[in-house]
Amino acid sequence: MSSGFRGKGYSMNFGIYPNLGKENLKECLQKLCGALEDRGMDYAFPLSMKEGLSRLGFGNGKFETIEELGNRNIVFSVGGDGSFLGAARTFRNYPVLMAGVHLGELGFLNSITCGELDDRLSLIFRGDFEVESRLFLSATLVREDGKEETLPDVLNDVVVGHSAIGQLARIRLSINHHFIQEYAADGLIISTPTGSTGYSLSCGGPVLGPSAKEIIVVPVCAHTLQRFSMVLKDQDLVEITAPEREKSLMISLDGACSCAFSNRDHLFIRAIHKPLRFIRFKDQDFFGTITRKLVRKIVEN
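*Asks:* What is the right way to read the sheet that holds strand β16 (residues 238–241) from this model?
*Replies:* Pairing in this open sheet of 6 strands is antiparallel, and the strands run β9-β8-β19-β16-β11-β12 from one edge to the other. Looking at strand neighbours, the two that pair on one side only are β9 (148–150) and β12 (178–185), the edges of this open sheet. In this sheet, neighbouring strand axes are inclined to one another by 25° on average, regardless of whether the strands run parallel or antiparallel. Direction of pairing for strand β8 (residues 135–142) relative to β9: antiparallel, over a ladder of 3 bridges. Each bridged residue has a counterpart across the sheet, and for leucine 141 the counterpart in β9 is glutamate 149.

Below, the structure written as structure tokens:
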């Protein structure tokens, strides 16, 4: 989908959502802010980060609430893939465009590096980019007493397993209220297309394009021959339960937050569409980029 921006002469405004724990953040922010100021563009930082950004020398900038930032034209996430996912969770309910400026090592989610900021910003100002919509996952935990807990929506994945590394878990999978199988594995991943280049990929799952409309179920180190992945439609409902022998499991959401899950609980996961959209540049070939980055990482190691 084309950007829909009017190009030269159109006044844009930007939000900047940085990961304050990243090395080289100050240098990259100086470059980003300088490029925006040179073009006369308005930008703001999150109000919640004012103290940390002040220590880096950005205390005189404009600061706004998340709601105000979410109603700007474009938000830049500055950091690694984890920062990108955190920003996506933060702005998922706002009709804003998001682009990632990469400061990490091996990253698949960010579309801009600090070294190419000027060139990429020029494309953005001209409206010369594509707009992607990506699936999120919505998870609801139904407790034994029938009480429902709505868990945070995620862009990457929901993982069920034990909190102890390598401990065997038995996890039951149902799809659209039909029982499929019980896994004996280290865990079970339910992934979006975005998450298909993360934990899912390392466990042998397929890679899907970021705008794909499917979700993936991938076992982690299955202890039986049930090692194959499943690709489901975005309308399918995934249900996770545990047998009586599994007293307690853990649910991990994008690797950022977790909650306990008992054998009396039911976890329901479905794909959802959110108003947040993402910038991709026309010269960026997704599958070629993935291949090059993986090969480069192997050679470096």
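So, next bit.
*Asks:* Would you mind going over the packing of helix α1 (residues 25–38) against helix α5 (residues 117–126) with me for this structure?
*Replies:* For any two helices packed against each other, one specifies the crossing angle of their axes together with the interaxial distance. Contact geometry for α1 and α5: axes closest at 10 Å, N-to-C directions at 35°. Our pair here, α1 against α5, has a crossing hand that is right-handed. From α1, Cys28, Lys31, Leu32, Ala35 and Leu36 reach across to α5, where they touch Leu117, Asp118, Leu121 and Phe125. For the contact of α1 with α5, a count of residues per class yields 7 nonpolar, no polar and 2 charged.

*Asks:* Would you take a moment to explain α1 for this structure?
*Replies:* Side chains three or four residues apart in an α-helix point the same way, a direct result of the helix having 3.6 residues per turn. An ideal rise of 1.5 Å per residue puts 20 Å on 14 residues; α1 measures up with 20 Å between its terminal C-alpha atoms. Buried within α1 are the following residues: Leu25, Cys28, Leu29, Leu32, Cys33, Ala35 and Leu36. Buried residues of α1, viewed axially, fall in a sector of 160°; they line one side. For α1, exposure combined with an orientation more than 90 degrees from the buried face picks out Glu27 and Asp38. Backbone geometry just downstream of α1 places glycine 40 in the positive-phi region, at approximately 70°.

What counts and how
- Residues numbered from 1 in each chain as written.
- Predicted model: local features only at pLDDT ≥ 70, side-chain atom pairs only at ≥ 80, totals over all residues.
- Heavy atoms only, no water.
- Pairing = 2+ DSSP bridges.
- Helix = DSSP H or I, 4+ residues; strand = E, 2+ residues; numbered from the N terminus.
- Axes fitted to C-alpha atoms, helices over the stretch in contact; angles between N-to-C directions.
- Left-handed = near helix turned anticlockwise from the far one by under 90°.
- Contact = heavy atoms within 4.5 Å.
- Nonpolar A, V, L, I, M, F, W, Y, C, P; charged D, E, K, R; others polar.
- Expected span 1.5 Å × (residues − 1).
- Buried < 20%, exposed > 50% of the residue type's maximum accessible area, 1.4 Å probe, protein only.
- Arc of directions from axis to C-beta.

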